[in-house]
Amino acid sequence: MANSYHKLNGSFIFKSDVGRVRKVNEDRCTALRNAKGDVLLCVCDGMGGQNKGDYASELCLTVITDSFQNKSRLGSTRSASRWLKNTIRDANNQVYMMGATSPDYQGMGTTVTVALLHKGNLVTAQVGDSRAYTYSSETLTQITEDQSYVEYLYKSGKISEAEKEIHQNKNVLTNALGTYPSLSLDIRSQRYKGESLFLCSDGVYNSVPRGDIENILHCHESLSIKADMLISTANSYGAKDNLSVILWECPY
């Protein structure tokens, strides 16, 4: 899956791949612009396997993108943040109700990571352990916080950063969309200064070393080639999970 869009003030691309081990791709990702010129980047990593993790991620993505495209205006950045929070909670309600009322979908859920460019600001929303980064001056900076068991252990000082990367429970989430009727989500806003943006599912950052990601983002290739390089590099390392990447760049 791949798509791209270009405009004078920036371009984006999103791609997803099943990886080397999984039989079904439960990831979903997209990037789009509304009529006002706001840009939305979103990646979802479904969970549930035979219980339709792919359906959970697809439904979540659809709710968010439909709302974004149908919203006539987002107003102030505060209003945009409130819209994003309410929309993700609506997605949680729909995924949860589907799981609660149909045995075929029971137990499904998804991560969701959103980056919204609106009126010179960057708003992020986080549920789970997919990630959003900025890339500037050859440095990759994570701007979302993993909602996972190992992140809790790390923040509480019980394990080191090195131990976090190899911990046996690194894939255990402390938060996911659609698994409970209520949802806790992290919404943050910062001034956008033209940095490149990189969003991905955990299959990518768990497979590709940070230095390799930075080298790929730094190379003078098209966004499409960079996205292909990220996915092919993850697959070359064995990619035990699905892979999704979203890239956004402003012109030099």
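Structure: above.
The structure contained in this document is the topic of the report that follows. (Residues numbered from 1 in each chain as written. Predicted model: local features only at pLDDT ≥ 70, side-chain atom pairs only at ≥ 80, totals over all residues. Heavy atoms only, no water.)

1. Focus on the packing of helix H6 (residues 210–218) against helix H7 (residues 223–236)
Piece 1. Two elements in contact, H6 and H7, have axes separated by 9 Å at closest approach and are oriented at 160°. With respect to each other, H6 and H7 are oriented roughly antiparallel. H7 is crossed by H6, and the crossing has right-handed handedness. Here Asp212, Ile213, Ile216 and Leu217 of H6 come into contact with H7, specifically with Lys226, Met229, Leu230 and Thr233.
Piece 2. For the contact of H6 with H7, the per-class residue count stands at five nonpolar, one polar and two charged. (Axes fitted to C-alpha atoms, helices over the stretch in contact; angles between N-to-C directions. Helix = DSSP H or I, 4+ residues; strand = E, 2+ residues; numbered from the N terminus. Parallel < 35°, antiparallel > 145°, perpendicular 65-115°, else oblique. Left-handed = near helix turned anticlockwise from the far one by under 90°. Contact = heavy atoms within 4.5 Å. Nonpolar A, V, L, I, M, F, W, Y, C, P; charged D, E, K, R; others polar.)

2. Points about the pattern of salt bridges
Piece 1. For the structure on display, the rule yields nine salt bridges.
Piece 2. Close ionic contact of Arg28 with Glu58 constitutes a salt bridge, the shortest N to O distance being 2.6 Å. You can see Arg28 sitting in strand S3 (residues 27–33) and its partner Glu58 sitting in helix H1 (residues 53–70), a full 30 residues away along the chain.
Piece 3. Overall, Arg28 belongs to the buried group, its relative accessible area being 18%.
Piece 4. In this structure, Glu145 engages Lys155 in a salt bridge whose closest nitrogen and oxygen atoms are separated by 2.9 Å. Of this pair, Glu145 sits in the loop between strand S9 (139–142) and helix H3 (149–155) while Lys155 sits in helix H3; the two residues are 10 residues apart in sequence, bridging distant segments of the chain.
Piece 5. Three or more residues are tied together by salt bridges with common partners; here these are Glu145, Lys155, Asp186 and Arg188. (Salt bridge = Lys/Arg side-chain N within 4 Å of Asp/Glu carboxyl O. Buried < 20%, exposed > 50% of the residue type's maximum accessible area, 1.4 Å probe, protein only.)

3. Let's talk about the layout of surface pockets
Piece 1. Space inside the largest pocket adds up to approximately 430 Å³.
Piece 2. For the lining of the largest pocket, the leading source of residues is strand S4 (residues 39–47), giving three residues.
Piece 3. Counted by class, the lining of the largest pocket contains five nonpolar, seven polar and eight charged residues.
Piece 4. Taken as a whole, the second largest pocket encloses approximately 280 Å³ of empty space.
Piece 5. Forming the boundary of the second largest pocket are 16 residues, of which Arg131, Tyr133, Gln142, Glu165 and Arg210 lie nearest the centre.
Piece 6. With three residues, the single largest contributor to the lining of the second largest pocket is helix H4 (residues 161–166).
Piece 7. A breakdown of the residues in the lining of the second largest pocket according to their chemical character gives six nonpolar, two polar and eight charged. (1 Å grid on protein atoms, 1.4 Å probe; cavity = no way out; pocket = protein on both sides within 12 Å on 5 of 7 lines; lining within 4 Å. Points joined across faces, edges and corners; volume = space filled by probe spheres on them.)

4. Observations regarding empty space enclosed by the protein
Piece 1. For the structure on display, the rule yields one cavity of 30 Å³ or more.
Piece 2. By volume, the largest cavity is sized at about 100 Å³.
Piece 3. Residue assignment for the lining of the largest cavity shows that the elements contributing at least two residues are H3 and H4.
Piece 4. Residues of the lining of the largest cavity, tallied by class, amount to two nonpolar, two polar and seven charged.

5. What to know about the nonpolar core
Piece 1. In terms of nonpolar packing, the biggest core is built from 29 residues, with Ile64, Ile88, Val112, Val114, Leu116 and Leu177 touching the most fellow members.
Piece 2. Elements that contribute at least two residues to this core include exactly S4, H1, helix H2 (77–101), strand S6 (112–118) and strand S7 (121–127).
Piece 3. Sorting elements by how many residues they give to this core places H1 first, with seven residues.
Piece 4. With near-sequence residues (within four places) excluded, Leu116 lies in contact with Asp38, Val39, Leu40, Phe68, Leu74, Ala80, Trp83, Asn121, Leu122 and Val123.
Piece 5. Counting 21 residues, the second largest nonpolar core, distinct from the first, contains Ile13, Ile231, Leu243 and Leu247. (Core = buried A, V, L, I, M, F, W, Y, C linked by side-chain atoms within 4.5 Å.)

6. Structural notes on the environment of Gly49
Piece 1. Here Gly49 shows up in the loop between S4 and H1.
Piece 2. Along the sequence, Gly49 and Tyr105 sit 56 residues apart, while their C-alpha atoms lie 9.9 Å from each other.

7. Structural notes on the side chain of Glu195
Piece 1. You can see Glu195 is positioned in the loop between strand S10 (186–191) and strand S11 (196–200).
Piece 2. In this structure, Glu195 is buried with no salt-bridge partner, the nearest side chain bearing the opposite charge being Lys193 at 6.1 Å.
Piece 3. Discounting residues that sit within four places of it in the chain, Glu195 has contacts with Thr134, Tyr135, Ser136 and Trp248. (Lys, Arg positive; Asp, Glu negative; His and termini not counted.)

8. Here we look at the packing of aromatic side chains
The geometry of an aromatic ring pair is captured by two quantities: the separation of the ring centres and the angle between the planes.
Piece 1. This model, assessed by the stated rule, comprises five aromatic pairs.
Piece 2. Their ring planes at 35° and their centres at 6.3 Å tell us that Phe12 and Trp248 sit as a pair that is tilted. Of this pair, Phe12 sits in strand S2 (residues 10–17) while Trp248 sits in strand S12 (residues 243–249), and the two are 236 residues apart along the sequence.
Piece 3. The exposure class of Phe12 is buried, given its relative accessible area of 3%.
Piece 4. A residue is classified by how much of its surface remains accessible, and Trp248, at 3% relative accessible area, is buried.
Piece 5. With centroids separated by 6.0 Å and ring planes inclined at 40°, the aromatic side chains of Phe68 and Trp83 adopt a geometry described as tilted. Of the two residues, Phe68 sits in helix H1 while Trp83 sits in helix H2, which places them 15 residues apart along the sequence.
Piece 6. Given the relative accessible area of 0%, Phe68 is considered buried.
Piece 7. For Trp83, a relative accessible area of 7% corresponds to the buried category. (Phe/Tyr/Trp six-rings, centres within 6.5 Å; stacked < 30°, edge-to-face > 60°.)

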